[in-house]
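One-letter residues, chain by chain:
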Amino acid sequence: MSDATVSENTVVTVHYTGTFPDDGEVFDTSRDKEPMTFLIGHKNMIPGFEAGVMGASVGDEVEFTLEPSDAYGDVEEGRVVSTPREQFPAEMPLELGLQLVADIGGHPQPFTIVGFSDIEVKCDFNHPMAGKTLHFQVDIVDLREATEDELAHGHAHGPDGHHHHD
Ligand code: ZN
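This is a predicted model, so every value here is computed, not measured.

Engineer: Can you explain the overall build of the protein? Please cite residues and give values.
Structural biologist: Counting its regular elements, the protein contains 2 helices and 9 strands. Walking the protein from its N terminus toward its C terminus, one meets helices and strands in the order β-β-β-α-β-β-β-β-β-β-α. On C-alpha atoms alone, the protein measures out to a radius of gyration of 19 Å, which is more than a quarter above the 15 Å that the 2.2 N^0.38 rule sets for 166 residues. Projecting the C-alpha coordinates of the protein onto the three principal axes gives extents of approximately 60 × 40 × 30 Å. Considering the protein as a whole, with its 166 residues, one finds that 39% of them fall into the buried category. The long-range share in the protein, meaning contacts at least 24 apart out of those at least 6 apart in sequence, stands at 63%. If you sum the accessible surface of the protein, you get close to 10,000 Å²; carbon and sulfur atoms cover 50% of it.

Engineer: I'd love a proper account of the pattern of salt bridges, names of residues and values included.
Structural biologist: Counted under the stated rule, the structure contains 3 salt bridges. Here arginine 31 and aspartate 139 are joined by a salt bridge, their closest N and O atoms 2.9 Å apart. One end of the pair, arginine 31, is in the loop between strand E2 (26-29) and strand E3 (36-39); the other, aspartate 139, is in strand E9 (residues 134-145), and 108 residues separate them in sequence.

Engineer: Lay out unusual backbone geometry in plain terms, naming residues and giving numbers.
Structural biologist: Residue asparagine 9 is not a glycine yet carries a positive backbone phi of 65°. With respect to the helices and strands, asparagine 9 occurs in the segment before strand E1 (10-19). The phi dihedral of lysine 43 is positive, around 60°, even though this residue is not glycine. Examined against the element boundaries, lysine 43 turns out to sit in the loop between E3 and helix H1 (47-53).

Conventions used here
- Residues numbered from 1 in each chain as written.
- Predicted model: local features only at pLDDT ≥ 70, side-chain atom pairs only at ≥ 80, totals over all residues.
- Heavy atoms only, no water.
- Helix = DSSP H or I, 4+ residues; strand = E, 2+ residues; numbered from the N terminus.
- Rg over C-alpha atoms; globule rule 2.2 N^0.38 Å.
- Buried < 20%, exposed > 50% of the residue type's maximum accessible area, 1.4 Å probe, protein only.
- Contact = heavy atoms within 4.5 Å.
- Areas by Shrake-Rupley, 256 points an atom, 1.4 Å probe, with all protein chains shown as cover.
- Salt bridge = Lys/Arg side-chain N within 4 Å of Asp/Glu carboxyl O.

Below, the structure is given as structure tokens:
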């Protein structure tokens, strides 16, 4: 399917490099590891990344810059909450920037400590990449139709795909 293009319900394999456009710093890349395979149209990726590769063919190189709203969202002040210090183990050393995971109603919620005293701890539940504009350079390595199983599960399978979880 050499004339196929990336579209809903295709499984695409890409090499990518993500940089911050202001200083060019690389925040993530697949170049030093296996390419990434994912199913298009099932919210496996940030929305702007899927939109950016849509319509591309194997061998194409695409580049795009995403505003926070198309990537990890804006920083929301309401997602920074103060928690009593006593909710953390007394022996746990706290430090600014420490990333932890809270269990809220059985759902793991990662957060970052952005302030603390003897009385309370300020926890930032914003995604670490929230509020950031991101640039991606992407090479389309492979492309195929999704299988029925993949469509039912909502993710890619197989040796190139995500680890299966059942
Ligand atoms: Zn599955």
